[in-house]
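Here are the chains, one letter per residue:
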Amino acid sequence: MRTSEQSRSERRLEHLKRTAKAVGVKLTPQRLEIFQQLAGTEEHPDAETIFRAVQQRMPTVSLDTVYRTLWMLHDFGLVKTLGPHRSGVRFDANLERHHHYVCVRCGLVRDFESEDFNGLRVPDAVRRLGSVVDAQVEVRGLCESCQREQERAKKPHAKPGSNERSTP
Ligand SMILES: [Zn+2]
Ligand SMILES: [Zn+2]
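Residues numbered from 1 in each chain as written. Chains lettered and ligands numbered in written order. Predicted model: local features only at pLDDT ≥ 70, side-chain atom pairs only at ≥ 80, totals over all residues.

Asker: Before we go on, may I ask you to explain the nonpolar core in this structure?
Answerer: Among soluble globular proteins, nonpolar side chains are generally buried collectively. The biggest cluster of nonpolar side chains holds 16 residues, and the ones touching the most others in it are I34, F35, L38, I50, V66, L70 and V79. Breaking this core down by element, the ones donating at least two residues are α2 (29-39), α3 (47-57) and α4 (63-75). Excluding residues that lie within four positions of it along the chain, V79 makes contacts with L38, L70, L73, H74, F91, D92 and A93. (Core = buried A, V, L, I, M, F, W, Y, C linked by C-beta atoms within 7 Å. Buried ≥ 20, exposed ≤ 12 C-beta atoms within 10 Å, placed from the backbone. Helix = DSSP H or I, 4+ residues; strand = E, 2+ residues; numbered from the N terminus. Contact = placed C-beta atoms within 7 Å.)

Printed below as a string of C-alpha cells:
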C-alpha cells in the first residue's frame, strides 16, 4: 500500500507543477512543502494541522502563509475543501471523483470510490437553489477504532481475546 500512496502523492505533485506553470504561480519551497504535506496524507487535515507538520521541517513558516497558500491552491482548483467555509475547514488534495466516510466521534475522514454514488442525480430542488459545482456523498458512522473503544468502555475488565463466557 505504501508504494501506491507514494505514487499517488507524486501524481498530485506533478499535476500541481503543471498547473502552477500554466497559470504562472511561483512554487516557492514553502508552497511546495505545504502542498506535499497535504498531498501525502489521507487525513484531510485542517490548516493548523498542516502548519504544525510543515513547521517541523521549516521552522520559519507561519500559520498565515499556510492559510494563504492553501486558499491560493484552492482558487486554482488544486485542492478541495470539506465542510462549510469557516475556521476548521479541512483540505483535500484528492481531485478524483470520490466520496467521504466521516467518523462522528473522532472526525476521521477517509475517501472512497463508488460508481453507484457517482451516478446519483442531483435533484431539481437543489438546482433551484443555485448552480451545482460538485456533489459528494458523506457517509457518517463510528470508525473501527472508535467502535473498539466503545466496546472497551462497555466491558472495562475484559481482556483482549478473553472469552465472555469464561468463569473462574
Ligand atoms: Zn473514530
Ligand atoms: Zn477526500
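Asker: Teacher, can you tell me more about the packing of α2 against α4 here?
Answerer: Axis separation between α2 and α4 bottoms out at 10 Å; the angle between their running directions is 75°. When the axes of α2 and α4 are compared, the pair comes out roughly perpendicular. Contacts from Q30, R31, I34 and F35 in α2 reach T65, V66, T69, L70 and L73 in α4. (Axes fitted to C-alpha atoms, helices over the stretch in contact; angles between N-to-C directions. Parallel < 35°, antiparallel > 145°, perpendicular 65-115°, else oblique.)

Asker: Sorry, what's going on with unusual backbone geometry here?
Answerer: Outside of glycine, negative phi angles account for most residues, and trans bonds account for most peptide bonds. In this model, H44 sits at a positive phi of 55°, which is unusual for a non-glycine residue. For H44, the location among the structural elements is in the loop between α2 and α3.

Shape descriptors only; they carry no functional weight alone.
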